[in-house]
Amino acid sequence: MSPSSLDELIEALRCLPGVGPKSAQRMAYHLLQRDQRGAARLGNALLHALEVLRHCARCNSFTEDEVCPRCANPRRDAALLCVVEMPADLAMIEQTQSYNGLYYVLMGRLSPLDGVGPRELRLDKLIARATEEGVREVILATNFTNEGEATAHTVASLLGARGVKVSRLSRGVPVGGELEHTDIGTIGQALIERRAV
Amino acid sequence: MAAAKQRIEQQPAWVLHTYPWRETSLIVEIFAREHGRVALVAKGARRPHSQLRGVLLAFQPLWMDWSGGGEVKTLVRAEWQGGQPLLIGRALICGYYLNELLVRLTAREDPHPRLFDAYAEAVRALGRGEAESPILRRFELALLQELGYEAGLANEGDSGEPVRPEGRYLYIIERGPVRLEALEEEGAALDPAALGEQPLLSGQTLLDMAAGDFSRAETLGQSKQLLRMLINHTLGGQPLQSRRVLKELQEL
Ligand SMILES: [Zn+2]
């Protein structure tokens, strides 16, 4: 390997969140020196995932098919649509086993100061999904941060104006907390106590 | 000369914005009463059980301690002052607008205690659920005055004579309020295109603004246009993200 391909690897690793030049260098040396099999596996998995994964046409989460297995499952209640920020939030709600409806994953949150608005979040796609026939209630399960609250308010007013019944996770989750890091009992209770907005 | 390492304690401050730093930390942009806008690194604040997680929220009054002499200081302590409900709904979106104005238009470590008080009052009023427009106009005006638009609203720009309530005015940047008749006499091109977004202002609007009174509907409408023009001018044409977001929401 010429030094330039080493530099390229280090530079490429820096695209990971929280990875600066020093950590990138450490990772590169580790992969090349200590764990070449792991490195090959990582490289292949990354290329493969990029190749086959796309956004589910129904829930916007990652899937290999046009529609993901969860959205295609006839045993789930299609009248309920739960809106979450990230796939990790969806996984957390699934773990509560308190919810059998479908999901919509925003893949982010409204953050005006970071330039993330309705266009970047593709809220038009959510509106189209939530106003489909058969959706009886939309449950907003965005985080209880300012950004999560702004997202919930925005989605609620957009859907409310279109006659969709909207509820919000009740505030059992600590203020400033994020679903991914909250205990499951709290999330389950918050689902039970969801309120109209 | 190396900046002296200093420790600041118990500063009243608000979080304006945070963004991730390294694996588990946050960079926090704050607005502190005696120090203005300061960037702090909050070490470990993104760890799952960090005590700081629930404290470093925008629109909540805090007491903060920090240390260090570089451009980015180290957060030592953040304590919740309390007494301020979380902003919700439209008030929350308005809050983002206030924060973006401060981030974009104030320089780092430039103290603005008067502006700090105006900001605190605006956020508290938003928290009380008061009408949003007068809150925003009052804050925009306080911000512009702090940035040097001290030039009176209550006096004509050229003559210094008191503005007449029944007069009609244009506000010319770096000149102040000028009576429409005076402009016509000058033969200034009153072509609307040349005037751009210049709003026509009644003298009463200017006097109300100078007195901080936004109770008249006409004052509210005309001052919104005037303040927007002045803020756009101060921003040098760079659009505000929060304004774009609000506009996009209205279009959906
Ligand atoms: Zn799906």
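Rules behind the numbers
Residues numbered from 1 in each chain as written. Chains lettered and ligands numbered in written order. Predicted model: local features only at pLDDT ≥ 70, side-chain atom pairs only at ≥ 80, totals over all residues. Heavy atoms only, no water. Helix = DSSP H or I, 4+ residues; strand = E, 2+ residues; numbered from the N terminus. Buried < 20%, exposed > 50% of the residue type's maximum accessible area, 1.4 Å probe, protein only. Contact = heavy atoms within 4.5 Å. Lys, Arg positive; Asp, Glu negative; His and termini not counted. Charge placed at Lys NZ, Arg CZ, Asp CG, Glu CD. Pairing = 2+ DSSP bridges. UniProt positions renumbered as here; feature names shortened; annotations may be inferred. Core = buried A, V, L, I, M, F, W, Y, C linked by side-chain atoms within 4.5 Å. Right-handed = clockwise from strand over helix to strand, strands pointing away. Polar contact = N/O pair within 3.5 Å; in protein donor to acceptor, adjacent residues only side chain to side chain. Donors = N, O, S within 2.8 Å, 3.2 Å for Na, K, Ca; no water. Tetrahedral: all angles 85-135°; square planar, octahedral: opposite > 155°, others 65-115°.

K.L.:
Got a sec to walk through the overall build of chain B? Specific residues and values, please.
P.N.:
When helices and strands are tallied, chain B shows eight helices and eight strands. The C-alpha extent of chain B, read off along each of the three principal axes, is 65 × 50 × 30 Å. For chain B, buried positions account for 47% of its 252 residues. Put simply, of all contacts in chain B between residues at least 6 apart along the chain, 58% involve residues at least 24 apart. Taking the 29 positively charged and 33 negatively charged side chains of chain B as two groups, their mean positions are separated by 10 Å.

K.L.:
Kindly report on the sheet that holds strand β4 (residues 101-105) of chain A, identifying the contributing residues and their values.
P.N.:
By definition, the strands of a sheet pair up through backbone hydrogen bonds, in either a parallel or an antiparallel sense. Residue and element names in this part refer to chain A. Read from one edge to the other, the open sheet built from five strands follows the order β4-β3-β5-β6-β7, with strand pairing classed as mixed. Of all the strands in the sheet, just β4 and β7 (195-196) have a single pairing partner and so form its edges. Note that strand β5 (residues 137-140) and strand β6 (residues 166-168) share three bridges and pair parallel. Within the sheet, the bridge partner assigned to Val-138 lies in β6 and is Val-166.

K.L.:
Summarise the UniProt feature "domain: DNA replication/recombination mediator RecO N-terminal" (unreviewed entry) in chain B; cite the residues concerned and give the values.
P.N.:
Following the UniProt record, the feature "domain: DNA replication/recombination mediator RecO N-terminal" (unreviewed entry) maps to residues 10-80 of chain B here. Note that residues 10-80 of chain B is 0% helix and 59% strand, and that its end C-alpha atoms are spaced 11 Å apart.

K.L.:
Describe unusual backbone geometry, and please don't skip the residues or the numbers.
P.N.:
You will see that Arg-122 of chain A, though not glycine, has its phi angle at about 55°, which is positive. Here Arg-122 of chain A is to be found in the loop between β4 and α6 (123-130). Although it is not a glycine, Gln-10 of chain B sits at a positive phi angle of roughly 55°. Inspection of the secondary structure assignment puts Gln-10 of chain B in strand β1 (residues 7-21).

K.L.:
An account of the nonpolar core is needed here, citing residue identities and associated values.
P.N.:
Judged by nonpolar contacts, the single largest core of 70 residues is most densely connected at Val-138 of chain A together with Leu-98, Tyr-119 and Leu-226 of chain B. At ten residues, helix α1 (residues 89-105) of chain B tops the list of elements feeding residues into this core. Among the nonpolar cores identified, the runner-up in size contains 19 residues, and Ala-13, Val-38, Ala-45 and Leu-75 of chain B belong to it.

K.L.:
Now, about the sheet that holds strand β7 (residues 176-179) of chain B: what can you tell me, with residues and values included?
P.N.:
All names here are of chain B. Pairing is antiparallel across the open sheet formed by three strands, whose spatial order is β7-β6-β8. With partners counted over all chains shown, the strands left at the sheet margins are β7 and β8 (201-202), one partner each. With two bridges connecting them, strand β6 (residues 168-172) and β8 associate as antiparallel partners. Residue Tyr-169 lies in a different strand from β8, and its bridge partner there is Leu-201.

K.L.:
Before we move on, can you summarise the pairing of β4 of chain A with the specific residues and values?
P.N.:
Residues and elements named next belong to chain A. Burial analysis of β4 places five of its five residues in the buried class, the great majority of the element. With five bridges connecting them, strand β3 (residues 77-84) and β4 associate as parallel partners. Its bridge partner lying in β4, Leu-81 is registered against Leu-102. Handedness of the crossover joining β3 and β4 through helix α5 (residues 87-96) is recorded here as right-handed.

K.L.:
Any chance you could break down the environment of Asn-60 of chain A for me, citing the residues and the numbers?
P.N.:
All names here are of chain A. Looking at the secondary structure, you find Asn-60 in the loop between β1 (54-55) and β2 (62-63). You can call Asn-60 buried: its relative accessible area is 8%. Along the primary structure Asn-60 and Tyr-104 are separated by 44 residues, whereas in three dimensions their C-alpha atoms are 6.2 Å apart. At a separation of 2.8 Å, a polar atom in the side chain of Asn-60 contacts the main-chain carbonyl oxygen of Val-105. Here the side chain of Asn-60 touches Lys-125 through a polar contact of 2.8 Å, side chain to side chain.

K.L.:
Explain the coordination of the zinc ion to me, and be specific about the residues and the numbers.
P.N.:
Residues and elements named next belong to chain A. Protein-derived coordination of the zinc ion comes from Cys-56 (SG), Cys-59 (SG), Cys-68 (SG) and Cys-71 (SG), at a distance range of 2.3 Å. Coordination at the zinc ion is tetrahedral, judged from the four donor atoms that bind it and the angles of 103 to 117° they form at the metal. Sequence positions of the residues that donate to the zinc ion give the spacing C-x2-C-x8-C-x2-C. With Cys-56 in the loop between β1 and β2 and Cys-68 in the loop between β2 and α4 (69-72), this pair connects stretches of sequence that are twelve residues apart. Cys-56 sits in the buried class, given a relative accessible area of 0%. Judged by relative accessible area, Cys-68 falls into the buried class, the value being 6%.

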